[in-house]
Amino acid sequence: MDQINWGILQELQKNARIPFAEIGRKVGLTSPAVAERVKKMEDTGIINGYYTSINHQKTGYHLKAIITLRAFTGRLKAFLETVKTFEEIKNCYRITGNENIIMEVVLHDQEHLEKLIDRLITYGETRTHIVLSEVIKNSPVKKRIAY
């Protein structure tokens, strides 16, 4: 990863739909050269995909929460197999510590939250934290600084 690739990544993280010609003007390359570098970063797995950021509230999901799960003995594997079917769960991570799982969920309302928790508690003990606002969202990955 050289300085130019980092510049390309910075621009794509701000706007994945930015034209290669515009990126090229910002990093000092031609559009085909930018396209070639992006393709190489995709092929090597540096770029995993392109996503659309959705305003969940405007689509009817008025509640966002972070839910942790401490799986009951013998229930973690079953949860890991089933979790992908939960449409409310936008991100799910297996973590260290007292809890095994942390999830970011979007819900229509409190009743929807209650129904989700009812489904989750068959796998373990949950803790729910309602999100009031987003302080940082999708912060871009920046070039690593040597310490």
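What counts as what
Residues numbered from 1 in each chain as written. Predicted model: local features only at pLDDT ≥ 70, side-chain atom pairs only at ≥ 80, totals over all residues. Heavy atoms only, no water. Helix = DSSP H or I, 4+ residues; strand = E, 2+ residues; numbered from the N terminus. Rg over C-alpha atoms; globule rule 2.2 N^0.38 Å. Buried < 20%, exposed > 50% of the residue type's maximum accessible area, 1.4 Å probe, protein only. Contact = heavy atoms within 4.5 Å. Areas by Shrake-Rupley, 256 points an atom, 1.4 Å probe, with all protein chains shown as cover. Axes fitted to C-alpha atoms, helices over the stretch in contact; angles between N-to-C directions. Parallel < 35°, antiparallel > 145°, perpendicular 65-115°, else oblique. Nonpolar A, V, L, I, M, F, W, Y, C, P; charged D, E, K, R; others polar. Expected span 1.5 Å × (residues − 1).

(A) Representation of the overall build of the protein within the structure. Assigned secondary structure in the protein consists of five helices and four strands. Along the chain direction, N to C, the helices and strands of the protein fall in the order α-α-α-β-α-β-β-α-β. Whereas a compact globule of 147 residues would reach a radius of gyration of roughly 15 Å, the protein reaches 20 Å, over 25% beyond that. For the protein, the C-alpha atoms occupy an extent of roughly 55 × 35 × 30 Å along the three principal directions. Expressed as a percentage of the 147 residues in the protein, the buried residues total 28%. In the protein, the proportion of contacts linking residues at least 24 apart, taken out of those at least 6 apart, comes to 66%. Of the roughly 10,600 Å² of accessible surface on the protein, 51% is carried by carbon and sulfur atoms.

(B) A look at the packing of helix H2 (residues 20–27) against helix H3 (residues 31–43). Contact pair H2 / H3: the axes reach a minimum separation of 8 Å and the direction vectors enclose 100 degrees. With respect to each other, H2 and H3 are oriented roughly perpendicular. Contact residues: H2 offers Phe20, Ala21, Ile23, Gly24 and Val27, while H3 offers Ser31, Val34, Ala35 and Val38. Residues that form the contact of H2 with H3 fall into these classes: seven nonpolar, two polar and no charged.

(C) Fine view of helix H1 (residues 3–14). Look at H1: 17 Å from first C-alpha to last across twelve residues, which is about the 16 Å you get at 1.5 Å a residue. Asn5, Trp6, Gly7, Ile8, Leu9, Glu11 and Leu12 are the residues of H1 that are buried.

(D) Structural detail: unusual backbone geometry. Of note, the phi angle at Asn138 is positive, near 50 degrees, even though the residue is not glycine. You can see Asn138 is positioned in the segment after strand E4 (124–130). For Asn138, a relative accessible area of 62% gives the class exposed.

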